[in-house]
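Chain by chain, the residues run as shown.
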Amino acid sequence: MEFASLILATLSPSSATMRLQRGAALGMTVALLTWSGAAAAADTVASLKPVAEPATELTTRYPLESLTTVETANKAVADAATARAEVEARDLEQRRACYQKFFVNHCLDIAREQRRLAMKAIRPIDIAANAFLRRERADERDRALVIHEAGLPAEAAQKAQDRKEKELSNADKLRQSAAKEKEVAAKTAQHAGEADKRIADHGARLKKAQQDEAAKAQERADNVAAFNRKARESAERQRQVAANKAEKAKELAAKKAATASAPANLAPTPTPTPTPTPPSVSAP
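Residues numbered from 1 in each chain as written. Predicted model: local features only at pLDDT ≥ 70, side-chain atom pairs only at ≥ 80, totals over all residues. Heavy atoms only, no water.

Draft legend 1. Here's a closer look at the side chain of Asp91. Relative to the helices and strands, Asp91 resides in helix H4 (residues 70-98). A distance of 2.9 Å separates polar atoms of two side chains, one belonging to Asp91 and the other to Arg95. Not counting the four nearest positions on each side in its chain, Asp91 is found in contact with Val51, Ala111, Arg112 and Arg115. (Helix = DSSP H or I, 4+ residues; strand = E, 2+ residues; numbered from the N terminus. Polar contact = N/O pair within 3.5 Å; in protein donor to acceptor, adjacent residues only side chain to side chain. Contact = heavy atoms within 4.5 Å.)

Next up, the structure:
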């Protein structure tokens, strides 16, 4: 941009060929801008990691003839998955960088081709490792089947022995269960008898308490009747005493009245002195 500005500044406005020079300057400016953009895009693409690198490392690490053990095959399958993921990531960065180039579609075509070749290099290792693992699993099943078939007679004898022991164990458990049920029934009957006795004792105690309460009620009634009778007798005696006192008071008042109405000159008749009687002597 600075170089194009210098070119435009050197043009003279009074020149007859100003338009031609201006067009040439503009063309040079566009060319310079295009070249600088292409150079920047080229630098960006050059800084990216190659898409085919993970596939190359995988094929170098795992030649097809080296896939002869389960451990190696498992590692190859895991590393193949990692390489595919790395190729996808690098391809995405390549396609993003293509949009900074002038020939975008051509760049995208190259990126797609690089991805296809990388995936094509990874696929045989993945297929061979998985095929080896499948064969190993099938062989393992066959070996297990052979061992199982070889051990069938011994297994049948062991099963028969186990079945016999189980039957004996079940019979013993049945005997123990029957004995336990008998013991439980005896304890239940004993508890039932004790419960009946407790109920009978409780009924006897309740009946006695009721009888005692009835006797006490009768005794209380008798006591109340006796108390009422004594109260009536006491009231009757008090009434009789009061009547006697009233009668005596009336007689005393009558005597006093009679004494007061007698003549004053009449002396009272002397009372004769009784002659003392000698004591009688009893015969010996």
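From this point, the discussion proceeds with the structure in view.
Draft legend 2. Structural view of the pattern of salt bridges. Tallying each qualifying case throughout the model produces 17 salt bridges. The partner of Arg90 in a salt bridge is Glu86, with the nearest N and O atoms 2.8 Å apart. Taken as a pair, Arg90 and Glu86 lie in helix H4 at a separation of four residues, close to a single helical turn. You can call Arg90 buried: its relative accessible area is 11%. Note that Asp172 is salt-bridged to Arg175, the shortest N-O span being 3.4 Å. On the criterion of helical spacing, the pair formed by Asp172 and Arg175 is a turn pair, its members being three residues apart in helix H6 (residues 152-261). With a relative accessible area of 54%, Arg175 lands in the exposed category. Each member of the salt-bridge network shares a partner with another, and the members are Glu53, Glu86 and Arg90. (Salt bridge = Lys/Arg side-chain N within 4 Å of Asp/Glu carboxyl O. Buried < 20%, exposed > 50% of the residue type's maximum accessible area, 1.4 Å probe, protein only.)

Draft legend 3. Quick peek at the nonpolar core. Counting 17 residues, the largest nonpolar core has Leu58, Tyr62, Ala76, Val87 and Ile122 as its most contacted members. Elements represented by at least two residues in this core include exactly helix H3 (53-61), H4 and helix H5 (104-150). At seven residues, H5 tops the list of elements feeding residues into this core. If we ignore the near neighbours within four places in the chain, the residues touching Val87 are Val51, Pro54, Arg115, Ala118, Met119 and Ile122. (Core = buried A, V, L, I, M, F, W, Y, C linked by side-chain atoms within 4.5 Å.)

Draft legend 4. Structural context of the packing of aromatic side chains. For the coordinates displayed, the defined rule picks out one aromatic pair. Consider the rings of Phe102 and Phe103, whose centres lie 4.9 Å apart with planes at 90 degrees: the pair is edge-to-face. (Phe/Tyr/Trp six-rings, centres within 6.5 Å; stacked < 30°, edge-to-face > 60°.)

Draft legend 5. Examining the packing of H4 against H5 more closely. Where H4 contacts H5, the two axes come as close as 9 Å, and the packing angle between them is 170 degrees. The pairing of H4 with H5 is recorded here as roughly antiparallel in orientation. Split by residue class, the contact of H4 with H5 holds 19 nonpolar, four polar and eight charged. (Axes fitted to C-alpha atoms, helices over the stretch in contact; angles between N-to-C directions. Parallel < 35°, antiparallel > 145°, perpendicular 65-115°, else oblique. Nonpolar A, V, L, I, M, F, W, Y, C, P; charged D, E, K, R; others polar.)

Draft legend 6. Focus on the state of the cysteines. Taken as a whole and judged by the stated rule, the model has one disulfide. Sulfur-sulfur distance for the disulfide between Cys98 and Cys107 comes to 1.9 Å. Measuring the twist about the S-S bond at about -65 degrees, one finds the Cys98-Cys107 disulfide to be left-handed. Its relative accessible area of 7% is what places Cys107 among the buried residues. (Disulfide = S-S within 2.5 Å.)

Draft legend 7. Structural view of the packing of H5 against H6. At a minimum axis distance of 5 Å, the contact between H5 and H6 shows a crossing angle of 55 degrees. Considering the angle they form, H5 stands oblique to H6. Mapping the contact onto sequence places His148, Glu149 and Ala150 in H5 and Leu152, Pro153 and Glu155 in H6. For the contact of H5 with H6, the class distribution of residues is three nonpolar, one polar and two charged.

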